[in-house]
Every structure is written in C-alpha cells, then in structure tokens.
Amino acid sequence: MINLTRIYTRTGDNGSTALGDFSRTTKTDPRLIAYADTDEANSCIGVAITCGALREDVRTVLLRIQNDLFDVGADLCTPLAASYAYPPLRVQGVWVDELEADCDRFNDELEKLSSFILPGGTPGSAYLHVARTVTRRAERSAWTALENYGSEPAPEGSPKGAGGINPITAKYLNRLSDLLFILGRVANLQIGGDVLWTPGGGRAKSERDKQGR
C-alpha cells in the first residue's frame, strides 16, 4: 500500500529527483524522461476512456493498460541490480503477448488498409491517436535510456542508480502503440470506417500541377 500524505516535498527544487532505488539523479536523466513520457501516455489514455464514448470491451482493455503503464513507469525508474532487499515489480514478456492478442482480436473486425489514415473521425478515435503518438515518444525515450544505461544489472557492491533498464519496457510500449492505432480504427467503425489520407491535401490535380511548376 502506498500512502501519500503530502504531495509537495521540496526535495526536487535543486533540479534532482529520486529513482525507484532512492538514488538521486537530475530531472533531465533519460530514465526520468522515459517514465515521464509513459505517465503522459497513461493520461492520454485516461482522456480517451473518459471522453471518447468508447465501446465497453475497448474501455476494459484500456483500463488494464493504464494499470500496466504505472508498472512500466515504476520499472523504468528502478535500475536493474544483481539482488534486491525487496524485489521490484518488472514488466514481463507475457504482458507483450497480451497486447499482441488484443491487436489480433480487434484487428479481425477491420478491413484491410488501402491508404494511410488521418487521426480523427470520432472523438474516441482522435483521443486514441493522440495516445498512440505519445506512446511512440515514450518508446523512443525508453530506447534512449537503454542506449545510455544498457540492460544489465549492476554488479554486487555497485552504488545505487548504476544498473541498466529492463528492455521489455520498450517492447511493451511498441506493441501498445500498435494496439492504440488499431483501437483508433475500431472507434471509427460507428461512422463507417477510417478517415483516409488524400495525397496533395485534397487539392484538385490541376491545382497541384500549377503549384509544382
């Protein structure tokens, strides 16, 4: 159980913050950026659930994902170590399998894509596409953190904060962005399907030719 008795602490007023192992780092640390972007993705999904008028089966999946993303963030902020006094929760490969199963299940409802699509259509689809793009950013941030810190546990006796990052976090975020794309399409089934991209911005061919000369 987590008990938050006071929200502000003033401990970060010098530009530092605590990681999950209680070591201190800067607020520009790639690890912090990765789990901050993950938190933003979670908030975007919350908007989609609350304001998107989504189907109940879609809402149920997204609520599970919101809980997962808290764990993804906790994993990203806790460096890998050879041993722990209290082993932290880590993202597991089976979570990625669940996302892939969701992708397959919902994608079975959709027609094959014949063009790129525009974010929009219904409010739910638009919100899900925002969540998708933020999740892509979170994935890129996770890979940046992995490039900086690696994916190996810190050896015994290393200082706190020295370990690498669980690479399954980045894999999870990648599959999640795929699922959010699919769910954005599912949300537009109620209006007959996708909003398709029109090359040239929908301008008449003669106008495009004139601009090209």
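To keep things clear, this report deals only with the structure shown in the data block.

Thresholds applied
Residues numbered from 1 in each chain as written. Predicted model: local features only at pLDDT ≥ 70, side-chain atom pairs only at ≥ 80, totals over all residues. Heavy atoms only, no water. Salt bridge = Lys/Arg side-chain N within 4 Å of Asp/Glu carboxyl O. Helix = DSSP H or I, 4+ residues; strand = E, 2+ residues; numbered from the N terminus. Buried < 20%, exposed > 50% of the residue type's maximum accessible area, 1.4 Å probe, protein only. Polar contact = N/O pair within 3.5 Å; in protein donor to acceptor, adjacent residues only side chain to side chain. Expected span 1.5 Å × (residues − 1). Arc of directions from axis to C-beta. Contact = heavy atoms within 4.5 Å. 1 Å grid on protein atoms, 1.4 Å probe; cavity = no way out; pocket = protein on both sides within 12 Å on 5 of 7 lines; lining within 4 Å. Points joined across faces, edges and corners; volume = space filled by probe spheres on them. Nonpolar A, V, L, I, M, F, W, Y, C, P; charged D, E, K, R; others polar. Phe/Tyr/Trp six-rings, centres within 6.5 Å; stacked < 30°, edge-to-face > 60°. Lys NZ or Arg CZ within 6 Å of the ring centre and 35° of its normal.

## With respect to the pattern of salt bridges
Here is step 1: Inspection of the entire model under this criterion finds 14 salt bridges.
Here is step 2: Of the charged contacts, one joins Glu 40 and Arg 137 as a salt bridge, the two residues approaching to 3.1 Å between their closest N and O atoms. Linking Glu 40 in helix α1 (residues 30-51) with Arg 137 in helix α4 (residues 123-149), this pair joins segments that are 97 residues apart in sequence.
Here is step 3: For Arg 137, a relative accessible area of 29% corresponds to the partly exposed category.
Here is step 4: Salt-bridge contacts for Arg 105 lead to Asp 102; the nearest nitrogen and oxygen are separated by 3.1 Å.

## A short note on the side chain of Arg 185
Here is step 1: By secondary structure assignment, the location of Arg 185 is in helix α5 (residues 168-187).
Here is step 2: A polar contact is formed between the side chain of Arg 185 and the side chain of Asp 194, at a distance of 2.8 Å.

## A look at helix α3 (residues 93-107)
Here is step 1: The terminal C-alpha atoms of α3 lie 21 Å apart, and with 15 residues this matches the ideal 21 Å at 1.5 Å per residue to within 8%.
Here is step 2: Along α3, the residues that are buried comprise Trp 95, Val 96, Leu 99, Asp 102, Cys 103 and Phe 106. Seen along its axis, α3 keeps its buried residues to an arc of 115°; they face one direction.
Here is step 3: Looking at the packing, one finds that the buried side of α3 touches α2 (56-76) and α5.

## Examining the layout of surface pockets
Here is step 1: Looking at the largest pocket, its volume works out to about 410 Å³.
Here is step 2: Along the lines of polarity and charge, the residues of the lining of the largest pocket split into 13 nonpolar, seven polar and three charged.

## As for the packing of aromatic side chains
Here is step 1: What the rule picks out here adds up to two aromatic pairs.
Here is step 2: Residues Phe 116 and Trp 197 carry aromatic rings whose centres are separated by 5.7 Å and whose planes lie at 65° to one another, so their mutual orientation is edge-to-face. Placement of Phe 116 in the loop between α3 and α4 and of Trp 197 in the loop between α5 and α6 (205-212) is noted, with a sequence separation of 81 residues between them.
Here is step 3: For Phe 116, a relative accessible area of 64% gives the class exposed.
Here is step 4: Of note, Arg 31 hangs over the ring of Tyr 149, and the distance from its end group to the ring centre comes to 3.8 Å.

Everything listed here is a matter of coordinates, which is why it stays silent on function.
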